[in-house]
Every structure is written in structure tokens, then in C-alpha cells.
Amino acid sequence: MKILKFLNTIAIGLPIMLLLIGIGINDSAGNYISYALYTTMITGGIQLLLGLIILMKEPRNKYIIAYFLVVIAFFLLWYFNVKILYSDLLTFTLFPIPLLLAIYLSILIYKKEKI
């Protein structure tokens, strides 16, 4: 579990670090800020892989199952919103969900290590 915690910390810390560097050096072109935005996609991918690892180790863990149900619901709603019926309200509702999922999985990983 220590490896999962380390990988999660790196995945979450990288976009934050790039954003702070961009703010700190007053990057007027916004290069570091755009790199931070791109690395959030990498963070999401890493977190999905970490979630799959936890799911394989503990297939009956209701918290990790809930995580994947919300991930699936997020992508289904996003697809529905883009391809079938576009709604600004749904778009703005979906925006914070990846951040909340990252926080939720991080809490699961950090609590698992303490147990």
C-alpha cells in the first residue's frame, strides 16, 4: 500500500507543483499552467489504475466499488451531455466531479495505509 500512496502523491502533486511554478515565475504565456492542466489527465489515468489495483486486491470493498460506479456514471453523463443532449447546467455540474473523485480515492488510499 505504500507504493500506491507514493504513486498517488506524485500524481496529485505534479499538477499542483506545475501550477505553483507557473504562478511563481509569473509565466505570462501560461505554459506551466497549461502543463498543469494536461497533467491532470495523467493524474486521472494513474488514479484509475490505482483504483483497479485496489479493486483486484479487495473485490468486495464497497468504497472502491462506489468509486468505480461514480466514475462510470461520470463518463456516461459526459457522453450523454456531449452526444445526445447538451446542457450547460449538466456541464457545470460535471466539472468538479473529477476533483471530488481524486480526493475520495486519495482518502481511501491514505486510510488504507493507516489500517
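Above this text is the structure in question.
In this report, we go over the structure that sits alongside the text.

Our focus in this paragraph is unusual backbone geometry. Look at Asn26: it is not a glycine, yet its phi comes out positive at around 55°. Relative to the helices and strands, Asn26 is located in the loop between α1 (2-24) and α2 (31-57). Residue Asn26 is classed as exposed on the basis of its relative accessible area, which comes to 64%.

Before going further, it helps to spend a moment on the environment of Lys62. Structurally, Lys62 can be placed in helix α3 (residues 62-84). Given a relative accessible area of 58%, Lys62 falls into the exposed group. When the C-alpha positions of Lys62 and Gly51 are compared, they lie 12 Å apart, and in sequence the two are 11 residues distant.

Where α2 meets α3, the axes come as close as 10 Å, and the angle between the chain directions of the two elements is 140°. Here α2 lies oblique to α3, going by the angle between them. Between α2 and α3 lies a crossing whose hand is left-handed. On the side of α2, the interface is formed by Gln47, Leu48, Gly51, Leu52, Ile54 and Leu55, while α3 contributes Ile64, Ile65, Tyr67, Phe68 and Val71. For the contact of α2 with α3, the class distribution of residues is nine nonpolar, two polar and no charged.

Conventions and cut-offs
Residues numbered from 1 in each chain as written. Predicted model: local features only at pLDDT ≥ 70, side-chain atom pairs only at ≥ 80, totals over all residues. Heavy atoms only, no water. Helix = DSSP H or I, 4+ residues; strand = E, 2+ residues; numbered from the N terminus. Buried < 20%, exposed > 50% of the residue type's maximum accessible area, 1.4 Å probe, protein only. Axes fitted to C-alpha atoms, helices over the stretch in contact; angles between N-to-C directions. Parallel < 35°, antiparallel > 145°, perpendicular 65-115°, else oblique. Left-handed = near helix turned anticlockwise from the far one by under 90°. Contact = heavy atoms within 4.5 Å. Nonpolar A, V, L, I, M, F, W, Y, C, P; charged D, E, K, R; others polar.

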